[in-house]
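Spelled out from the first residue to the last, the chains are:
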Amino acid sequence: MTAQPVQTITIVGGGTAGWMTAAMLSKLFMGRYAIRLVESDEIGIIGVGEATIPAIRTFNELLGISDVEMLKATKGTFKLGIEFVDWREKGHSYIHGFGKIGIDRLWLRPHQFWLKMHAKGAARDFDHYAINVVAARANRFSDGRGPKPVSDIDFAYHFDAALYGQFLRRHAEARGVERIEGRIIEVRQNPESGHVAAVRLADGREVAGDLFIDCSGQRGLLINQTLGIGFEDWSRWLPCDRALAVPCESVAPLTPYTRSTARDAGWQWRIPLQHRIGNGHVYSSAYTDDQAAADVLMANLNGKALAEPRPVRFTPGKRVKTWEKNVIAIGLASGFLEPLESTSIHLIQTGILRIVSLFPDMAFDPAVVAEYNRQTDSEYADIRDFIIAHYKVTQREDTPFWAYCRHMDVPDSLQSRLDLFKSSARFFKRNEIELFREESWVQVLIGQGIDARYDPSVDLMSDAESAGFLKDIEEVIADAVRRLPSHDDVIARHFKA
Ligand SMILES: Cc1cc2nc3c(=O)[nH]c(=O)nc-3n(C[C@H](O)[C@H](O)[C@H](O)COP(=O)(O)OP(=O)(O)OC[C@H]3O[C@@H](n4cnc5c(N)ncnc54)[C@H](O)[C@@H]3O)c2cc1C
């Protein structure tokens, strides 16, 4: 027997999460449901979250949004990867690039040959064997259209978070989403089922709904404050719990990558946009204080600061359940892994698509809810492990913060991955929805300086053959990158806001 269909979807919150949800549901459901979004100008949005990963392009494609339209509207730039400065040790830098690393030989990935030949002094730094990384270092860009190895390029965007929200709002409203401005002061629940029935605004209006999407940010107005779903705290593995964000004036060139520079008790981001550079210092309050953190940030800007540093506090972790009764939490209401690998907007996106693939009827079948929560848990845990690996695999012990990170215990799921990689530089995905691919793990673990042995099958090839194979990769990539236009030129010609 089929239960009654859902008629109205009420989204609580108009930050990046709320408007991404409104834009996508209104597009995919084509007017089937009444969709409303409640937001409060008085409360505002968190206003950070400006770096993305390539999967956002699939999201934009589903929405029918082009690169040109979005980058112009959000004063955005392209992102080929993330540079990690001083993470392995002071003075060292590597890039985690999106896209492929070289080419395979036999059944082996190129890093296997590299591990052997680099130890013998017969290969250059690992950065030279991935086209995204070589292009990033040269400040060049391509959208991957072209013959190999250019087609191995993959990319994401940097954009102004506030402008991205407004941009999506226009799309959502054009497809019939009703925006309701007002501060929610009370949540009314069905006395029998405990389901959320309506939210009441400060001016007395009530907004009802069948399905509620909680996009209210860290407070989790519905999932936490109303339904009491607790939080799994992961700060023993991810010790950063505060951030200060500040924009500064742009400087040339317009780098096509995010930079993350390790600091004594955390790290600093640098996100180049067309009109400004976004900067932030993410740090651990157990190892430094707010004033010292602000001093470090302000002393390390490339251009003149355009505002005072804005503080944000957070706890790394996730809600025990992200779907409970008729409430699904998306965005910061569902959890937050610190911004090191720019994964929050991605988690918003996969959460929305998961809502679509498991869209309920009014029975809110527990089997559907359980599957949604299972997938979310698994996705969060995999990303968590990848981020922890950046802190754990380091040679730094020069400050109490880094000594803690280097020696901390990590989740078993990560430890077994690190053990396998150390034994033979092998990596396998463990489930379908896992976000980070082998290329990402390889670049980060090698970049962070893991001590790994190579796969014994590498010895099937002579040293001379292995060295020649790596040299070919390096030359083909270097030659292709030399022909690419500069990132500045690409933006100026086609994407200027
Ligand atoms: C320091 C930092 C850096 C980050 N950097 C990145 C990054 O580079 N890349 C990335 O992908 N992500 C990043 N993130 C995460 C990213 O900022 C968020 O995932 C994203 O902004 C989504 O936020 P949100 O919409 O869930 O919450 P918010 O932006 O906080 O929005 C909450 C909404 O709920 C509304 N609301 C709340 N309470 C009420 C109420 N009582 N009544 C009415 N309305 C209400 C508010 O008005 C607002 O509209 C970062 C986060 C932090 C903390």
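See the structure above.
Structural notes, computed from the coordinates. Quick caveat: nothing in here was measured; it's all calculated off a predicted structure.

Some points on the nonpolar core
Here is step 1: The biggest cluster of nonpolar side chains holds 132 residues, and the ones touching the most others in it are I9, F78, Y164, L168, I330 and Y391.
Here is step 2: For I330, the residues in contact, after removing those within four places along its chain, are A17, T21, I213, D214, C215, I348, G351, I352, I355 and Y372.
Here is step 3: The next biggest cluster of nonpolar side chains, apart from the first, holds 18 residues, and it includes L201, L221, I223 and I229.

Section: the site of the ligand
Here is step 1: Taken together, 34 residues are adjacent to the ligand, and G14, V48, A51, I184 and I345 come closest.
Here is step 2: E50 is positioned such that a nitrogen or oxygen atom in its backbone is 3.5 Å from an oxygen atom of the ligand.
Here is step 3: I184 places a polar main-chain atom, nitrogen or oxygen, 2.8 Å from a nitrogen atom of the ligand.
Here is step 4: Burial of the ligand by the protein chains amounts to 97% of its free accessible area of 1000 Å².
Here is step 5: If you list the elements that add at least two residues to the shell around the ligand, you get α1 (16-29) and α8 (344-357).

A closer look at the pairing of strand β11 (residues 211-214)
Looking along a regular strand, one sees side chains alternate from face to face of the sheet.
Here is step 1: Of the two faces of β11, the one carrying L211 and I213 and the one carrying F212 and D214 are both buried.
Here is step 2: Looking at chain direction, strand β1 (residues 8-12) and β11 are connected through four bridges and run parallel. If you follow T10 over to β11, its bridge partner there is F212.
Here is step 3: The sheet contact formed by β11 and strand β20 (residues 327-329) spans three bridges and is parallel. By the bridge assignment, F212 is partnered in β20 with V327.

Regarding the sheet that holds strand β8 (residues 184-189)
Here is step 1: Taking strand neighbours across the sheet as the criterion, the three strands line up as β8-β9-β10 in an open arrangement whose pairing is antiparallel. Each edge of the open sheet is held by one strand with a lone partner, namely β8 and β10 (206-208). Mean inter-strand twist for the sheet, computed between neighbouring axes without regard to direction, equals 25°.

Concerning the sheet that holds strand β21 (residues 335-336)
Here is step 1: Strand order in the open sheet formed by three strands is β12-β18-β21, and the pairing between neighbours is antiparallel. The two strands at the open ends of the sheet, each matched to only one other strand, are β12 (231-233) and β21.
Here is step 2: In terms of strand pairing, strand β18 (residues 317-319) meets β21 through two bridges, oriented antiparallel. Residue pairing for β21: K318 is matched across the bridge by G335.

Digging into the packing of aromatic side chains
Here is step 1: The full count for this structure, using the stated rule, is 28 aromatic pairs.
Here is step 2: An angle of 20° between the planes, with centres 4.1 Å apart, marks the rings of F159 and Y164 as stacked. Here F159 matches Y164 in class, with each residue buried.
Here is step 3: Both rings, one in F427 and one in W441, keep their centres 5.3 Å apart while their planes meet at 25°; by these two values the pair is stacked. Separated by 14 residues along the polypeptide, F427 in the loop between α11 (412-424) and α12 (438-447) and W441 in helix α12 bring together distant segments of the chain. Of the two residues, F427 and W441, neither departs from the other in class, the shared state being buried.

How each quantity is defined
- Residues numbered from 1 in each chain as written.
- Predicted model: local features only at pLDDT ≥ 70, side-chain atom pairs only at ≥ 80, totals over all residues.
- Heavy atoms only, no water.
- Core = buried A, V, L, I, M, F, W, Y, C linked by side-chain atoms within 4.5 Å.
- Buried < 20%, exposed > 50% of the residue type's maximum accessible area, 1.4 Å probe, protein only.
- Contact = heavy atoms within 4.5 Å.
- Near = heavy atom within 4 Å.
- Polar contact = N/O pair within 3.5 Å; in protein donor to acceptor, adjacent residues only side chain to side chain.
- Areas by Shrake-Rupley, 256 points an atom, 1.4 Å probe, with all protein chains shown as cover.
- Helix = DSSP H or I, 4+ residues; strand = E, 2+ residues; numbered from the N terminus.
- Pairing = 2+ DSSP bridges.
- Axes fitted to C-alpha atoms, helices over the stretch in contact; angles between N-to-C directions.
- Phe/Tyr/Trp six-rings, centres within 6.5 Å; stacked < 30°, edge-to-face > 60°.

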